[in-house]
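Observations on chain architecture
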Amino acid sequence: MDVLRGARAFVAVARRQSFSAAAEDERTTQPVVSRRLANFEAHLGGALFERSTRQVNLTPLGTALLGYAQALLSAERSLLDAAISHRRGTVRLLVPRDLDPASWAALRLRALTAGTDLEIEENDRERRFLRFRLGEADAAILPVETARADWVVPLGLAQVTDRLRPLTLAALRPTRALGAPAAARLIVLAEDASVQLLSAVRGAAAESGLAAHQVYESPSVVGALTGALAGDDWVLCSQEQAAAWRLQWFDVRELTVARAYRLESRTPEGRKVFEAALGREIPAALGGVRGKSHDRFGV
């Protein structure tokens with residue numbers, strides 16, 4: 001039994017809800033798709049589709065197994081990509097999401113010019129940790145404590161505002177006029193939502209008299225920016241991000257937090273290659289400051 005062919009037929013029919021359309025996608029004939037699917041169903045021990053009506057509908061078994069079949073095909077694609085990358089000598093680097101993609105493109109171009117076929121993939125922090133641990137990348141830019149950091153990115157608060165005076169956390173305290181529900185929120189993006197940073201932000205907010213609900217962890221950059229662009233909420237971000245998002249950025253004295261990143265490589269030699277070839281481009285893409293001399297920042 002060719003499980004991969006069966007899985008491809010299963011996923012194609014489920015996606016197109018048609019045997020003939022699935023056959024077109026698979027560049028074969030409808031009888032071939034039907035035969036592959038029938039063999040796959042026999043191998044799994046049950047029907048994957050209802051065949052009593054003109055519509056193609058998943059059975060409960062088909063609904064339960066569709067995600068697994070899609071994951072199998074995705075794993076096949078990853079295996080083939082990894083083999084191609086290895087033959088080409090491709091180096092895969094995992095980087096943070098929601099930063100300027102043009103900076104990462106410039107970094108990749110610099111690597112290509114230097115003779116390194118560099119693939120850059122943007123992932124959230126948890127995904128970067130997982131994929132690097134599973135060996136799916138040669139190197140990754142990962143958040144670490146400041147003492148181990150290669151690059152430190154100072155964070156401040158930003159929104160659309162005509163404010164000219166320096167910003168303090170005390171200025172965000174709820175007032176009787178606004179009421180607690182209307183008080184401005186201090187939004188922490190998912191990239192920064194480590195236990196240590198959230199604890200530091202909440203502690204500083206509490207000391208300045210902010211209500212607990214005013215510190216909000218946002219899973220979505222779009223959602224976070226909606227309030228900031230409306231002038232209602234403040235986003236915790238780097239100065240470079242604020243400029244790209246057309247927000248006014250403030251370095252808040254009471255809020256001494258930063259992103260701290262380290263380049264992790266599968267081999268010491270790989271780390272040396274990155275540092276030698278891309279030592280300037282990586283901190284520029286992160287919007288950070290090179291080195292560990294910024295001791296006033298935490299993570």
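To be clear, the structure that these remarks concern was listed above.
Residues numbered from 1 in each chain as written. Predicted model: local features only at pLDDT ≥ 70, side-chain atom pairs only at ≥ 80, totals over all residues. Heavy atoms only, no water.

**A look at the sheet that holds strand β7 (residues 156-159)**
Taken together, five strands build an open sheet; the order of strands is β9-β8-β10-β7-β11 and the sheet is mixed. Because the sheet does not close on itself, it has two edges, and the strands there are β9 (215-218) and β11 (248-250). Recorded for the sheet is a direction-independent mean angle of 35° between the axes of neighbouring strands. Note: strand β8 (residues 186-189) against β9, four bridges, orientation parallel. The residue of β9 that forms the bridge with Val188 is Glu217. Contacts from helix α8 (residues 221-229) reach β7, β8, β9 and β10 (234-237) within the one sheet, and its direction differs from that of β8 by about 155°. (Pairing = 2+ DSSP bridges. Helix = DSSP H or I, 4+ residues; strand = E, 2+ residues; numbered from the N terminus. Axes fitted to C-alpha atoms, helices over the stretch in contact; angles between N-to-C directions. Contact = heavy atoms within 4.5 Å.)

**Focus: the nonpolar core**
Leu157, Leu169, Leu186, Val188, Val201, Leu236 and Leu255 are the most contacted members of the largest nonpolar core, which totals 22 residues. Those elements that place two or more of their residues in this core are β8, α7 (195-207) and β10. The dominant element in this core, judged by the number of residues it contributes, is α7, at five residues. Beyond its immediate sequence surroundings of up to four residues, Val201 is in contact with Leu186, Val188, Val215, Leu236, Leu255 and Val257. Counting residues in hydrophobic clusters, the runner-up holds 19 residues, among them Ala12, Ala14, Phe19 and Leu73. (Core = buried A, V, L, I, M, F, W, Y, C linked by side-chain atoms within 4.5 Å. Buried < 20%, exposed > 50% of the residue type's maximum accessible area, 1.4 Å probe, protein only.)

**Quick word on unusual backbone geometry**
Residues other than glycine seldom take positive phi values, yet Gln17 does so here, at roughly 55°. Within the element layout of this structure, Gln17 appears in the loop between α1 (3-16) and α2 (19-25). Positive phi values are uncommon outside glycine, yet Asp98 reaches one of about 65°. Looking at where Asp98 falls in the secondary structure, it is placed in the loop between β3 (91-96) and α5 (101-113).

**Considerations on the pattern of salt bridges**
What the rule picks out here adds up to 16 salt bridges. Among the ionic pairs, Glu119 bridges to Arg92, the shortest N-O distance being 3.1 Å. Highlighted residues: Glu119 in strand β4 (residues 118-123) and Arg92 in strand β3, separated in sequence by 27 residues. The exposure class assigned to Glu119 is partly exposed, which follows from its relative accessible area of 24%. Note on Arg92: relative accessible area 12%, which makes it buried. Salt bridges here are not isolated pairs; linked through shared partners, they connect Arg92, Glu119, Glu121, Arg131 and Glu136. (Salt bridge = Lys/Arg side-chain N within 4 Å of Asp/Glu carboxyl O.)

**Some words on the layout of surface pockets**
In this structure, the second largest pocket encloses a volume near 260 Å³. What lines the second largest pocket is a set of 15 residues, among which Asp98, Asp124, Ala190, Glu191 and Pro219 lie closest to the centre. Looking at the lining of the second largest pocket residue by residue, the classes come out as five nonpolar, three polar and seven charged. (1 Å grid on protein atoms, 1.4 Å probe; cavity = no way out; pocket = protein on both sides within 12 Å on 5 of 7 lines; lining within 4 Å. Points joined across faces, edges and corners; volume = space filled by probe spheres on them. Nonpolar A, V, L, I, M, F, W, Y, C, P; charged D, E, K, R; others polar.)

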